[in-house]
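# Structural description and commentary
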Amino acid sequence: MQVSREHSATLDRTNTVNANVTKLEVRVWRGGEAGHYDTFSVPKRTNQTVLDVVTWIQRNLDPTLSYRFACRVGMCGSCGMTVNGAPRWTCRTHVSKVASDNLLEIGPLANLPVIKDLTADMSRFFEKWQQAEGTFVPTKTRKDPIAAIPPQDAARQNVDEAIECINCGVCFAACDVVRWNDDYLGPAALNRAWSLANDARDGGNTNRLRAISATGGCHACHSHQSCMQHCPKDLNPTRSIAGLKRLTMEAYLRGDLS
Amino acid sequence: MTITVENRNERTHRRSILWYAALVHRISGLLLVCFLPLHFLALGLALESEAQLEGFLRWTDSSAVKLSEMGLVFLLTVHLIGGVRVLALENLSWRNDHKNLAGLAIAAAAIVAALFFLRVI
Amino acid sequence: MNLRLYLLQRVTAALMLPLVLGHLIVIFYATSTKLTAADILGRTEGSIGWALFYGAFVCLVAVHGAIGFATIAREWFGAGGQAPTIIMWTVGVVLLLLGLRAVFAVTMPGGLS
(Lines give C-alpha, C1' and ligand atoms only; values in the text may rest on other atoms or scores of the structure.)
Protein backbone atom coordinates (compact mmCIF):
# COMPACT_ATOMS: atom_id res chain seq x y z
CA MET A 1 0.00 0.00 0.00
CA GLN A 2 2.78 2.40 0.99
CA VAL A 3 4.64 1.60 -2.21
CA SER A 4 1.67 2.29 -4.42
CA ARG A 5 0.91 5.58 -2.70
CA GLU A 6 4.47 6.74 -3.31
CA HIS A 7 4.22 5.54 -6.86
CA SER A 8 1.09 7.52 -7.48
CA ALA A 9 2.56 10.55 -5.71
CA THR A 10 5.26 10.79 -8.35
CA LEU A 11 2.60 10.83 -10.99
CA ASP A 12 0.86 13.77 -9.33
CA ARG A 13 2.64 16.42 -11.29
CA THR A 14 1.06 15.64 -14.61
CA ASN A 15 -1.48 12.97 -13.96
CA THR A 16 -3.41 13.77 -10.85
CA VAL A 17 -4.93 11.00 -8.81
CA ASN A 18 -7.07 12.52 -6.08
CA ALA A 19 -7.93 10.87 -2.80
CA ASN A 20 -11.60 10.79 -3.76
CA VAL A 21 -10.93 9.51 -7.23
CA THR A 22 -13.73 9.43 -9.78
CA LYS A 23 -14.38 6.00 -11.13
CA LEU A 24 -15.23 5.01 -14.66
CA GLU A 25 -17.77 2.29 -15.21
CA VAL A 26 -16.28 0.20 -18.02
CA ARG A 27 -18.15 -2.59 -19.76
CA VAL A 28 -15.78 -4.87 -21.67
CA TRP A 29 -16.72 -7.63 -24.08
CA ARG A 30 -15.56 -11.08 -22.95
CA GLY A 31 -15.67 -14.25 -24.94
CA GLY A 32 -15.89 -14.92 -28.65
CA GLU A 33 -18.86 -14.39 -30.96
CA ALA A 34 -21.03 -15.47 -28.04
CA GLY A 35 -20.16 -13.86 -24.77
CA HIS A 36 -21.07 -11.13 -22.35
CA TYR A 37 -19.94 -7.78 -21.02
CA ASP A 38 -17.95 -7.67 -17.78
CA THR A 39 -18.17 -4.44 -15.81
CA PHE A 40 -15.06 -2.97 -14.20
CA SER A 41 -14.54 0.07 -12.02
CA VAL A 42 -11.47 2.00 -13.18
CA PRO A 43 -9.96 5.17 -11.64
CA LYS A 44 -10.45 8.15 -13.87
CA ARG A 45 -7.37 10.26 -14.54
CA THR A 46 -6.94 13.68 -16.07
CA ASN A 47 -5.05 12.41 -19.09
CA GLN A 48 -6.18 8.97 -19.99
CA THR A 49 -6.75 7.08 -23.19
CA VAL A 50 -9.06 4.13 -23.65
CA LEU A 51 -5.98 1.96 -24.16
CA ASP A 52 -4.77 3.10 -20.72
CA VAL A 53 -8.09 1.94 -19.29
CA VAL A 54 -7.90 -1.49 -20.95
CA THR A 55 -4.29 -1.92 -19.84
CA TRP A 56 -5.16 -0.90 -16.25
CA ILE A 57 -7.93 -3.51 -16.16
CA GLN A 58 -5.67 -6.26 -17.46
CA ARG A 59 -2.84 -5.40 -15.07
CA ASN A 60 -4.84 -4.68 -11.93
CA LEU A 61 -8.16 -6.46 -12.13
CA ASP A 62 -8.26 -9.27 -14.67
CA PRO A 63 -5.11 -10.70 -16.26
CA THR A 64 -7.22 -12.97 -18.49
CA LEU A 65 -8.40 -10.01 -20.58
CA SER A 66 -7.11 -10.32 -24.16
CA TYR A 67 -6.45 -7.25 -26.27
CA ARG A 68 -4.09 -6.12 -28.98
CA PHE A 69 -1.79 -3.08 -29.15
CA ALA A 70 1.75 -2.24 -30.20
CA CYS A 71 3.10 1.29 -30.56
CA ARG A 72 0.46 3.02 -28.34
CA VAL A 73 1.26 6.33 -30.08
CA GLY A 74 -1.05 6.26 -33.11
CA MET A 75 1.32 4.85 -35.73
CA CYS A 76 0.64 1.17 -36.07
CA GLY A 77 -3.14 0.84 -36.11
CA SER A 78 -3.15 -2.31 -33.93
CA CYS A 79 -5.33 -1.04 -31.10
CA GLY A 80 -8.56 -0.59 -33.01
CA MET A 81 -11.65 -1.43 -30.94
CA THR A 82 -15.29 -0.43 -30.73
CA VAL A 83 -15.61 2.31 -28.10
CA ASN A 84 -19.14 3.38 -27.15
CA GLY A 85 -20.35 2.07 -30.49
CA ALA A 86 -17.74 3.66 -32.75
CA PRO A 87 -14.58 2.04 -34.17
CA ARG A 88 -11.54 3.95 -32.93
CA TRP A 89 -7.84 3.71 -32.16
CA THR A 90 -7.93 3.28 -28.41
CA CYS A 91 -4.44 4.78 -27.95
CA ARG A 92 -5.59 8.03 -29.52
CA THR A 93 -9.02 8.20 -27.91
CA HIS A 94 -9.06 10.29 -24.77
CA VAL A 95 -11.52 9.01 -22.20
CA SER A 96 -12.72 12.54 -21.48
CA LYS A 97 -13.75 12.86 -25.12
CA VAL A 98 -15.93 9.77 -25.31
CA ALA A 99 -16.99 8.91 -21.76
CA SER A 100 -19.50 11.55 -20.92
CA ASP A 101 -21.09 10.50 -17.61
CA ASN A 102 -18.05 8.26 -17.01
CA LEU A 103 -19.45 5.29 -18.92
CA LEU A 104 -17.38 3.29 -21.36
CA GLU A 105 -18.35 0.29 -23.42
CA ILE A 106 -15.47 -1.45 -25.19
CA GLY A 107 -15.71 -4.29 -27.66
CA PRO A 108 -13.72 -5.77 -30.53
CA LEU A 109 -13.88 -4.22 -34.00
CA ALA A 110 -17.15 -4.93 -35.79
CA ASN A 111 -17.54 -6.89 -39.03
CA LEU A 112 -14.72 -9.25 -38.09
CA PRO A 113 -14.77 -12.60 -36.27
CA VAL A 114 -13.78 -12.39 -32.61
CA ILE A 115 -10.78 -14.40 -31.43
CA LYS A 116 -11.18 -13.55 -27.76
CA ASP A 117 -12.45 -10.56 -25.82
CA LEU A 118 -11.19 -7.42 -27.57
CA THR A 119 -9.14 -9.17 -30.22
CA ALA A 120 -10.65 -9.44 -33.68
CA ASP A 121 -9.44 -11.76 -36.42
CA MET A 122 -8.09 -9.55 -39.18
CA SER A 123 -7.65 -12.36 -41.73
CA ARG A 124 -10.82 -11.52 -43.63
CA PHE A 125 -9.71 -7.89 -43.91
CA PHE A 126 -6.40 -8.89 -45.48
CA GLU A 127 -7.95 -11.54 -47.70
CA LYS A 128 -10.13 -8.87 -49.27
CA TRP A 129 -7.02 -6.71 -49.72
CA GLN A 130 -5.56 -9.54 -51.79
CA GLN A 131 -8.81 -10.11 -53.70
CA ALA A 132 -8.80 -6.48 -54.73
CA GLU A 133 -5.33 -6.98 -56.23
CA GLY A 134 -4.00 -4.54 -53.65
CA THR A 135 -0.37 -5.33 -54.40
CA PHE A 136 2.07 -3.37 -56.50
CA VAL A 137 3.02 -5.02 -59.80
CA PRO A 138 6.46 -3.78 -60.84
CA THR A 139 7.33 -3.02 -64.45
CA LYS A 140 10.98 -2.04 -64.14
CA THR A 141 14.15 -3.71 -62.96
CA ARG A 142 16.92 -2.19 -60.85
CA LYS A 143 18.85 -1.62 -64.05
CA ASP A 144 16.21 0.74 -65.41
CA PRO A 145 16.27 4.44 -64.53
CA ILE A 146 13.99 5.57 -61.71
CA ALA A 147 10.55 6.59 -62.96
CA ALA A 148 10.31 10.38 -63.12
CA ILE A 149 6.96 11.31 -61.65
CA PRO A 150 6.62 14.96 -60.59
CA PRO A 151 4.80 15.49 -57.28
CA GLN A 152 2.30 17.82 -58.94
CA ASP A 153 1.25 15.11 -61.38
CA ALA A 154 -2.52 14.73 -60.99
CA ALA A 155 -2.44 10.94 -60.80
CA ARG A 156 0.42 11.06 -58.27
CA GLN A 157 -1.63 13.42 -56.12
CA ASN A 158 -4.43 10.86 -56.15
CA VAL A 159 -1.92 8.28 -54.94
CA ASP A 160 -0.58 10.60 -52.24
CA GLU A 161 -4.08 11.28 -50.94
CA ALA A 162 -4.79 7.59 -50.50
CA ILE A 163 -1.45 6.02 -49.68
CA GLU A 164 -1.20 6.63 -45.94
CA CYS A 165 -3.46 3.70 -45.02
CA ILE A 166 -1.94 1.46 -42.33
CA ASN A 167 -4.57 -1.28 -42.49
CA CYS A 168 -6.04 -0.66 -39.06
CA GLY A 169 -9.50 -1.93 -40.02
CA VAL A 170 -11.47 0.98 -38.56
CA CYS A 171 -13.11 1.83 -41.89
CA PHE A 172 -13.97 -1.82 -42.44
CA ALA A 173 -15.65 -1.89 -39.04
CA ALA A 174 -17.54 1.34 -39.72
CA CYS A 175 -18.88 0.35 -43.14
CA ASP A 176 -22.54 -0.68 -43.44
CA VAL A 177 -22.06 -2.33 -46.82
CA VAL A 178 -19.38 -4.57 -45.30
CA ARG A 179 -21.98 -5.52 -42.73
CA TRP A 180 -24.72 -6.10 -45.31
CA ASN A 181 -22.73 -7.81 -48.04
CA ASP A 182 -20.23 -10.57 -47.29
CA ASP A 183 -18.69 -10.27 -50.75
CA TYR A 184 -17.91 -6.57 -50.45
CA LEU A 185 -14.17 -5.92 -50.62
CA GLY A 186 -14.44 -2.99 -48.24
CA PRO A 187 -13.17 0.59 -48.15
CA ALA A 188 -9.50 -0.10 -47.30
CA ALA A 189 -8.90 -2.67 -50.03
CA LEU A 190 -10.60 -0.49 -52.62
CA ASN A 191 -8.74 2.60 -51.41
CA ARG A 192 -5.49 0.71 -51.96
CA ALA A 193 -6.65 -0.42 -55.40
CA TRP A 194 -7.23 3.25 -56.26
CA SER A 195 -3.76 4.28 -55.08
CA LEU A 196 -2.22 1.55 -57.23
CA ALA A 197 -4.44 2.31 -60.23
CA ASN A 198 -3.06 5.84 -60.21
CA ASP A 199 0.54 4.70 -59.87
CA ALA A 200 2.23 5.15 -63.24
CA ARG A 201 4.87 2.54 -62.35
CA ASP A 202 2.36 -0.24 -61.71
CA GLY A 203 1.60 -2.77 -64.43
CA GLY A 204 -1.29 -4.74 -62.96
CA ASN A 205 -4.20 -2.44 -63.58
CA THR A 206 -6.23 -4.46 -66.05
CA ASN A 207 -6.44 -7.38 -63.66
CA ARG A 208 -7.07 -5.04 -60.78
CA LEU A 209 -9.96 -3.24 -62.44
CA ARG A 210 -11.46 -6.58 -63.36
CA ALA A 211 -11.09 -7.79 -59.75
CA ILE A 212 -12.89 -4.76 -58.35
CA SER A 213 -15.70 -4.88 -60.91
CA ALA A 214 -17.06 -8.20 -59.83
CA THR A 215 -19.87 -8.69 -57.32
CA GLY A 216 -18.70 -7.08 -54.10
CA GLY A 217 -16.46 -4.65 -55.92
CA CYS A 218 -16.41 -0.89 -55.91
CA HIS A 219 -19.93 -0.67 -57.39
CA ALA A 220 -21.45 -1.95 -54.19
CA CYS A 221 -20.45 1.21 -52.32
CA HIS A 222 -23.41 3.44 -51.46
CA SER A 223 -21.28 6.49 -50.56
CA HIS A 224 -22.33 6.72 -46.92
CA GLN A 225 -18.81 8.04 -46.17
CA SER A 226 -18.77 6.36 -42.76
CA CYS A 227 -15.26 5.23 -43.68
CA MET A 228 -14.13 8.82 -44.19
CA GLN A 229 -15.84 9.89 -40.99
CA HIS A 230 -13.97 7.35 -38.85
CA CYS A 231 -10.58 7.06 -40.56
CA PRO A 232 -7.94 8.10 -38.03
CA LYS A 233 -5.64 9.13 -40.85
CA ASP A 234 -8.26 11.38 -42.51
CA LEU A 235 -8.36 9.30 -45.66
CA ASN A 236 -11.46 9.21 -47.85
CA PRO A 237 -12.12 5.75 -49.30
CA THR A 238 -15.49 6.92 -50.67
CA ARG A 239 -13.64 9.43 -52.82
CA SER A 240 -11.23 6.73 -53.97
CA ILE A 241 -14.13 4.39 -54.74
CA ALA A 242 -15.89 7.10 -56.76
CA GLY A 243 -12.68 7.36 -58.76
CA LEU A 244 -12.63 3.60 -59.27
CA LYS A 245 -16.23 3.70 -60.50
CA ARG A 246 -15.14 6.17 -63.17
CA LEU A 247 -12.02 4.18 -64.09
CA THR A 248 -13.91 0.90 -64.41
CA MET A 249 -16.66 2.48 -66.46
CA GLU A 250 -14.11 3.99 -68.84
CA ALA A 251 -12.25 0.68 -69.09
CA TYR A 252 -15.49 -1.17 -69.76
CA LEU A 253 -16.54 1.22 -72.51
CA ARG A 254 -13.09 0.88 -74.09
CA GLY A 255 -13.54 -2.89 -74.03
CA ASP A 256 -10.58 -3.46 -71.72
CA LEU A 257 -12.58 -5.51 -69.24
CA SER A 258 -13.89 -8.84 -70.44
CA MET B 1 -21.31 -13.96 -12.04
CA THR B 2 -23.94 -15.42 -14.30
CA ILE B 3 -22.81 -15.59 -17.88
CA THR B 4 -25.45 -14.40 -20.31
CA VAL B 5 -25.12 -14.28 -24.06
CA GLU B 6 -25.50 -10.72 -25.28
CA ASN B 7 -25.29 -9.03 -28.60
CA ARG B 8 -22.16 -6.98 -28.64
CA ASN B 9 -21.93 -3.46 -29.96
CA GLU B 10 -25.66 -2.89 -30.19
CA ARG B 11 -25.21 0.83 -29.77
CA THR B 12 -24.05 1.92 -33.19
CA HIS B 13 -22.01 4.96 -33.99
CA ARG B 14 -23.60 8.27 -34.70
CA ARG B 15 -25.00 8.44 -38.21
CA SER B 16 -24.12 11.39 -40.38
CA ILE B 17 -26.47 13.22 -42.70
CA LEU B 18 -24.89 11.31 -45.60
CA TRP B 19 -25.92 8.05 -44.03
CA TYR B 20 -29.48 9.35 -43.64
CA ALA B 21 -29.46 10.68 -47.19
CA ALA B 22 -28.60 7.22 -48.47
CA LEU B 23 -31.32 5.71 -46.29
CA VAL B 24 -33.92 8.20 -47.53
CA HIS B 25 -32.87 7.47 -51.09
CA ARG B 26 -33.22 3.74 -50.57
CA ILE B 27 -36.54 3.89 -48.70
CA SER B 28 -38.06 6.32 -51.20
CA GLY B 29 -37.05 4.05 -54.06
CA LEU B 30 -38.46 1.02 -52.30
CA LEU B 31 -41.78 2.71 -51.56
CA LEU B 32 -42.01 3.98 -55.12
CA VAL B 33 -41.43 0.48 -56.53
CA CYS B 34 -44.16 -0.85 -54.25
CA PHE B 35 -46.50 1.98 -55.26
CA LEU B 36 -45.99 1.63 -59.03
CA PRO B 37 -48.06 -1.53 -59.61
CA LEU B 38 -51.00 0.14 -57.87
CA HIS B 39 -50.49 3.21 -60.02
CA PHE B 40 -50.38 1.13 -63.20
CA LEU B 41 -53.49 -0.83 -62.21
CA ALA B 42 -55.37 2.40 -61.53
CA LEU B 43 -54.48 3.79 -64.93
CA GLY B 44 -55.37 0.45 -66.45
CA LEU B 45 -58.95 1.07 -65.33
CA ALA B 46 -59.23 3.04 -68.55
CA LEU B 47 -59.27 -0.33 -70.26
CA GLU B 48 -62.54 -1.10 -68.52
CA SER B 49 -64.27 2.18 -69.21
CA GLU B 50 -63.76 5.90 -68.92
CA ALA B 51 -66.36 5.91 -66.19
CA GLN B 52 -64.27 3.51 -64.08
CA LEU B 53 -61.24 5.78 -64.36
CA GLU B 54 -63.37 8.83 -63.60
CA GLY B 55 -64.75 7.14 -60.49
CA PHE B 56 -61.23 6.44 -59.30
CA LEU B 57 -60.07 9.99 -60.03
CA ARG B 58 -62.91 11.48 -58.03
CA TRP B 59 -62.04 9.16 -55.15
CA THR B 60 -58.61 10.76 -55.16
CA ASP B 61 -60.14 14.19 -54.59
CA SER B 62 -60.40 13.59 -50.84
CA SER B 63 -57.98 15.38 -48.51
CA ALA B 64 -56.64 12.14 -47.13
CA VAL B 65 -55.66 10.95 -50.60
CA LYS B 66 -54.23 14.36 -51.43
CA LEU B 67 -52.05 14.10 -48.32
CA SER B 68 -50.81 10.71 -49.50
CA GLU B 69 -50.18 12.17 -52.92
CA MET B 70 -48.06 14.85 -51.31
CA GLY B 71 -46.09 12.05 -49.69
CA LEU B 72 -45.65 10.37 -53.07
CA VAL B 73 -44.51 13.61 -54.68
CA PHE B 74 -41.98 13.98 -51.85
CA LEU B 75 -40.74 10.44 -52.42
CA LEU B 76 -40.35 10.97 -56.15
CA THR B 77 -38.67 14.36 -55.81
CA VAL B 78 -36.31 13.34 -53.02
CA HIS B 79 -35.33 10.22 -54.97
CA LEU B 80 -34.74 12.35 -58.07
CA ILE B 81 -32.66 15.05 -56.39
CA GLY B 82 -30.80 12.54 -54.22
CA GLY B 83 -30.10 10.53 -57.34
CA VAL B 84 -28.67 13.58 -59.08
CA ARG B 85 -26.34 14.02 -56.09
CA VAL B 86 -25.17 10.39 -56.39
CA LEU B 87 -24.61 10.70 -60.14
CA ALA B 88 -22.60 13.89 -59.55
CA LEU B 89 -20.57 12.23 -56.76
CA GLU B 90 -19.70 9.25 -58.96
CA ASN B 91 -19.02 11.04 -62.23
CA LEU B 92 -17.86 14.57 -61.58
CA SER B 93 -14.79 15.80 -59.69
CA TRP B 94 -14.92 15.20 -55.98
CA ARG B 95 -16.54 17.84 -53.81
CA ASN B 96 -16.07 18.07 -50.06
CA ASP B 97 -19.48 19.54 -49.35
CA HIS B 98 -21.66 16.51 -49.89
CA LYS B 99 -23.21 16.89 -46.46
CA ASN B 100 -24.56 20.27 -47.52
CA LEU B 101 -25.79 18.94 -50.85
CA ALA B 102 -27.60 16.08 -49.16
CA GLY B 103 -29.34 18.48 -46.79
CA LEU B 104 -30.28 20.75 -49.67
CA ALA B 105 -31.70 17.82 -51.63
CA ILE B 106 -34.03 16.78 -48.84
CA ALA B 107 -35.07 20.36 -48.16
CA ALA B 108 -35.80 21.05 -51.83
CA ALA B 109 -37.91 17.90 -52.11
CA ALA B 110 -39.88 18.88 -49.01
CA ILE B 111 -40.57 22.30 -50.51
CA VAL B 112 -41.78 20.80 -53.79
CA ALA B 113 -44.08 18.42 -51.92
CA ALA B 114 -45.44 21.25 -49.79
CA LEU B 115 -46.09 23.35 -52.90
CA PHE B 116 -47.94 20.44 -54.43
CA PHE B 117 -50.13 20.07 -51.38
CA LEU B 118 -50.94 23.76 -51.26
CA ARG B 119 -52.04 23.71 -54.87
CA VAL B 120 -54.27 20.71 -54.66
CA ILE B 121 -56.11 20.92 -51.35
CA MET C 1 -23.95 -5.26 -57.65
CA ASN C 2 -21.36 -5.65 -60.34
CA LEU C 3 -20.22 -3.34 -63.09
CA ARG C 4 -22.92 -4.23 -65.62
CA LEU C 5 -25.81 -3.85 -63.20
CA TYR C 6 -24.25 -0.65 -61.86
CA LEU C 7 -24.03 0.83 -65.35
CA LEU C 8 -27.61 -0.16 -66.16
CA GLN C 9 -28.78 1.38 -62.90
CA ARG C 10 -26.94 4.66 -63.47
CA VAL C 11 -27.74 4.95 -67.19
CA THR C 12 -31.48 4.34 -66.65
CA ALA C 13 -31.35 6.89 -63.83
CA ALA C 14 -29.73 9.52 -66.04
CA LEU C 15 -32.17 8.88 -68.90
CA MET C 16 -35.11 9.19 -66.52
CA LEU C 17 -34.09 12.64 -65.23
CA PRO C 18 -36.04 14.57 -67.89
CA LEU C 19 -38.88 12.04 -67.78
CA VAL C 20 -39.37 12.43 -64.03
CA LEU C 21 -39.31 16.22 -64.37
CA GLY C 22 -41.90 15.98 -67.11
CA HIS C 23 -44.01 13.65 -65.02
CA LEU C 24 -43.88 16.03 -62.04
CA ILE C 25 -45.15 18.80 -64.30
CA VAL C 26 -47.95 16.53 -65.53
CA ILE C 27 -48.84 15.64 -61.92
CA PHE C 28 -48.98 19.27 -60.86
CA TYR C 29 -51.07 20.25 -63.88
CA ALA C 30 -53.48 17.33 -63.78
CA THR C 31 -54.16 17.48 -60.05
CA SER C 32 -54.35 21.23 -59.57
CA THR C 33 -56.74 21.76 -62.49
CA LYS C 34 -58.79 18.78 -61.37
CA LEU C 35 -58.80 17.08 -64.75
CA THR C 36 -61.48 14.49 -65.29
CA ALA C 37 -60.93 11.13 -66.90
CA ALA C 38 -62.49 12.52 -70.05
CA ASP C 39 -60.04 15.46 -70.05
CA ILE C 40 -57.05 13.17 -69.62
CA LEU C 41 -58.07 10.49 -72.06
CA GLY C 42 -59.06 13.13 -74.57
CA ARG C 43 -55.43 14.26 -74.63
CA THR C 44 -53.69 10.92 -74.39
CA GLU C 45 -55.75 8.66 -76.60
CA GLY C 46 -54.19 8.26 -80.02
CA SER C 47 -51.17 10.33 -78.98
CA ILE C 48 -47.86 8.93 -80.22
CA GLY C 49 -46.01 11.48 -78.09
CA TRP C 50 -47.51 10.39 -74.78
CA ALA C 51 -47.16 6.74 -75.78
CA LEU C 52 -43.44 7.21 -76.43
CA PHE C 53 -42.87 9.35 -73.34
CA TYR C 54 -44.54 7.01 -70.91
CA GLY C 55 -43.60 3.87 -72.80
CA ALA C 56 -39.95 4.79 -72.44
CA PHE C 57 -40.48 5.79 -68.82
CA VAL C 58 -42.03 2.38 -68.03
CA CYS C 59 -39.18 0.45 -69.67
CA LEU C 60 -36.54 2.46 -67.83
CA VAL C 61 -38.22 2.31 -64.43
CA ALA C 62 -38.77 -1.44 -64.78
CA VAL C 63 -35.01 -1.94 -65.13
CA HIS C 64 -34.01 0.64 -62.53
CA GLY C 65 -36.56 -0.47 -59.95
CA ALA C 66 -35.80 -4.15 -60.42
CA ILE C 67 -32.07 -3.73 -59.85
CA GLY C 68 -32.64 -1.50 -56.82
CA PHE C 69 -35.18 -3.86 -55.30
CA ALA C 70 -32.88 -6.86 -55.78
CA THR C 71 -30.00 -4.96 -54.13
CA ILE C 72 -32.18 -4.27 -51.10
CA ALA C 73 -33.26 -7.90 -50.98
CA ARG C 74 -29.65 -8.91 -50.90
CA GLU C 75 -28.29 -6.33 -48.49
CA TRP C 76 -31.15 -6.00 -46.02
CA PHE C 77 -32.97 -9.30 -46.26
CA GLY C 78 -30.03 -11.63 -46.78
CA ALA C 79 -31.19 -13.00 -50.13
CA GLY C 80 -28.30 -15.12 -51.36
CA GLY C 81 -27.28 -17.29 -54.25
CA GLN C 82 -29.63 -16.93 -57.20
CA ALA C 83 -32.42 -15.29 -55.21
CA PRO C 84 -31.48 -11.67 -56.00
CA THR C 85 -31.41 -12.45 -59.72
CA ILE C 86 -34.79 -14.15 -59.63
CA ILE C 87 -36.26 -11.28 -57.61
CA MET C 88 -34.79 -8.77 -60.05
CA TRP C 89 -36.32 -10.42 -63.09
CA THR C 90 -39.68 -10.89 -61.39
CA VAL C 91 -39.96 -7.27 -60.31
CA GLY C 92 -38.76 -6.07 -63.70
CA VAL C 93 -41.23 -8.16 -65.68
CA VAL C 94 -44.17 -7.26 -63.42
CA LEU C 95 -43.43 -3.53 -63.67
CA LEU C 96 -42.91 -3.76 -67.43
CA LEU C 97 -46.12 -5.67 -68.12
CA LEU C 98 -48.36 -3.65 -65.81
CA GLY C 99 -46.75 -0.42 -66.98
CA LEU C 100 -47.08 -1.06 -70.69
CA ARG C 101 -50.65 -2.20 -70.10
CA ALA C 102 -51.36 1.14 -68.39
CA VAL C 103 -49.70 3.10 -71.20
CA PHE C 104 -51.77 1.18 -73.70
CA ALA C 105 -54.91 1.80 -71.63
CA VAL C 106 -54.59 5.55 -71.85
CA THR C 107 -53.07 5.97 -75.28
CA MET C 108 -54.84 3.48 -77.48
CA PRO C 109 -56.83 5.34 -80.08
CA GLY C 110 -60.57 5.50 -79.68
CA GLY C 111 -60.70 3.82 -76.31
CA LEU C 112 -63.65 2.04 -74.80
CA SER C 113 -66.56 3.79 -73.19
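Residues numbered from 1 in each chain as written. Chains lettered and ligands numbered in written order. Predicted model: local features only at pLDDT ≥ 70, side-chain atom pairs only at ≥ 80, totals over all residues.

## A few points about the overall build of chain B
Broken down by element type, chain B carries four helices and zero strands. Ordering the α and β elements of chain B from the N terminus gives α-α-α-α. Counting only residues that meet the buried cut, chain B has 35% of its 121 residues in that class. Taking all contacts inside chain B whose residues are at least 6 apart in sequence as the whole, residues at least 24 apart take part in 81%. (Helix = DSSP H or I, 4+ residues; strand = E, 2+ residues; numbered from the N terminus. Buried ≥ 20, exposed ≤ 12 C-beta atoms within 10 Å, placed from the backbone. Contact = placed C-beta atoms within 7 Å.)

## Details of the interface of chain C and chain B
On the side of chain B, 27 residues touch chain C, which itself brings 30 residues to the contact. Of all the secondary structure elements, the ones that give two or more residues to the side of chain C that touches chain B are α1 (3-32), α2 (37-44), α3 (48-77) and α4 (83-107) of chain C. Here the residues of the side of chain C that touches chain B are counted per class, giving 20 nonpolar, eight polar and two charged. (Nonpolar A, V, L, I, M, F, W, Y, C, P; charged D, E, K, R; others polar.)

## Considering the environment of M81(A)
As for its placement among the helices and strands, M81(A) is situated in strand β3 (residues 80-83). Separated by 130 residues in the primary sequence, M81(A) and A211(A) place their C-alpha atoms 30 Å from one another.

## Points about the confidence of the model for chain B
Residues and elements named next belong to chain B. Predicted confidence across chain B gives a mean pLDDT of 84, with 88% of residues reaching 70 or more. Per-element confidence in chain B ranges from a low mean pLDDT of 85 for helix α2 (residues 50-59) to a high of 94 for helix α1 (residues 17-43). Counting interchain partners and residues more than four positions distant, the pLDDT-below-50 stretch residues 1-5 has four contacts. (pLDDT = per-residue confidence, 0-100.)

## Some points on helix α11 (residues 237-254) of chain A
Residue and element names in this part refer to chain A. The terminal C-alpha atoms of α11, which comprises 18 residues, lie 25 Å apart, in line with the 26 Å expected from a rise of 1.5 Å per residue. Turning to α11, its buried residues number three or more, namely P237, T238, R239, S240, I241, A242, G243, L244, K245, L247, T248 and M249. Two residues or fewer past α11, G255 is found with a positive phi of approximately 85°. (Expected span 1.5 Å × (residues − 1).)

## Some remarks on the pairing of strand β1 (residues 23-31) of chain A
All names here are of chain A. Direction of pairing for β1 relative to strand β2 (residues 35-43): antiparallel, over a ladder of nine bridges. Across the sheet, residue K23 finds its bridge partner in β2, namely P43. If you look at the hairpin formed by β1 and β2, you'll find three residues sitting between the two strands. (Pairing = 2+ DSSP bridges.)

## So, the confidence of the model for chain C
Residue and element names in this part refer to chain C. Considering every residue of chain C, the mean pLDDT works out to 91; 96% of them sit at 70 or more. In the model of chain C, α2 stands out as the element of lowest mean pLDDT, 84, in contrast to α3, which has the highest, 96. Overall fold confidence for the complex sits at a pTM of 0.89, while the interface term, ipTM, reaches 0.90.

## Here we look at the pairing of β3(A)
Residues and elements named next belong to chain A. By the alternation rule, side chains of β3 split into G80 and T82 and M81 and V83, which are all buried. Remark: two residues form the turn of the hairpin made by β3 and strand β4 (residues 86-89), two consecutive strands paired antiparallel; N84 in that turn has positive phi of roughly 45°. Sheet analysis places β3 next to strand β5 (residues 103-107), joined by two bridges and oriented antiparallel. Counterpart to V83 in the pairing with β5 is I106.

## Some words on the nonpolar core
One finds I106(A) and L190(A) to be the most contacted residues of the largest nonpolar core, which totals 68 residues. Ranked by residue count, the leading element in this core is helix α8 (residues 187-197) of chain A, at seven residues. (Core = buried A, V, L, I, M, F, W, Y, C linked by C-beta atoms within 7 Å.)

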